[in-house]
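Examination of the molecular architecture
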Amino acid sequence: MLLYYLLYALAAAYFAWRLLVNLRRREDIRRQVSALTFLAAFALLWVIFLLFPGISQPAAAMLLAVFFAAAVVVNLYLFRRYDRWLEEQDAEQ
């Protein structure tokens, strides 16, 4: 089980590092942002399932759908913010 936690942390660290590299180079960051938001959403979902182990299957499915939708909304918001930031940077130059 510890191996899964280590792999999860390594995946999050890798995508965070790639995000910073791509931000500096002003390259596309959508893949890294998506990976990080979905990793964060599933980490929060995992914590909820640990805190409340008696959650029924329908409730768990509902939570999964809600967290998936929230991750999509956060992705779209961050993409829009990044596009605005790029436009502002281009306007300054």
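See above for the structure.
Residues numbered from 1 in each chain as written. Predicted model: local features only at pLDDT ≥ 70, side-chain atom pairs only at ≥ 80, totals over all residues. Heavy atoms only, no water.

Secondary structure assignment for the protein yields 3 helices and 0 strands. What you see for the protein is a C-alpha radius of gyration of 16 Å, clearly larger than the 12 Å of a compact globule of 93 residues, by over 25%. Expressed as lengths along the three principal axes of its C-alpha atoms, the size of the protein is roughly 55 × 30 × 15 Å. Of all 93 residues assigned to the protein, the portion counted as buried reaches 20%. Excluding contacts between residues fewer than 6 apart, the proportion of contacts in the protein whose partners are at least 24 apart in sequence is 59%. Of the accessible surface of the protein, which amounts to about 7,000 Å², a share of 70% is contributed by carbon and sulfur atoms. If you average the places of the 9 positive and of the 7 negative side-chain charges in the protein, the two averages end up 7 Å apart. (Helix = DSSP H or I, 4+ residues; strand = E, 2+ residues; numbered from the N terminus. Rg over C-alpha atoms; globule rule 2.2 N^0.38 Å. Buried < 20%, exposed > 50% of the residue type's maximum accessible area, 1.4 Å probe, protein only. Contact = heavy atoms within 4.5 Å. Areas by Shrake-Rupley, 256 points an atom, 1.4 Å probe, with all protein chains shown as cover. Lys, Arg positive; Asp, Glu negative; His and termini not counted. Charge placed at Lys NZ, Arg CZ, Asp CG, Glu CD.)

Moving on to the packing of helix H1 (residues 2-25) against helix H2 (residues 30-51). The angle between the axes and the distance between the axes are what describe a pair of packed helices. Between H1 and H2, the least distance of the axes is 9 Å, while the angle of their chain directions is 150°. Overall, the two elements H1 and H2 adopt an arrangement that is roughly antiparallel. Like other packed secondary-structure pairs, H1 and H2 cross with a definite hand, here left-handed. Across the interface between the two elements, Tyr 5, Tyr 8, Ala 11, Ala 12, Phe 15, Ala 16, Arg 18, Leu 19 and Asn 22 from H1 touch Gln 32, Val 33, Ala 35, Leu 36, Leu 39, Ala 40, Phe 42, Ala 43 and Trp 46 from H2. A class-by-class count of the residues in the contact of H1 with H2 yields 15 nonpolar, 2 polar and 1 charged. (Axes fitted to C-alpha atoms, helices over the stretch in contact; angles between N-to-C directions. Parallel < 35°, antiparallel > 145°, perpendicular 65-115°, else oblique. Left-handed = near helix turned anticlockwise from the far one by under 90°. Nonpolar A, V, L, I, M, F, W, Y, C, P; charged D, E, K, R; others polar.)

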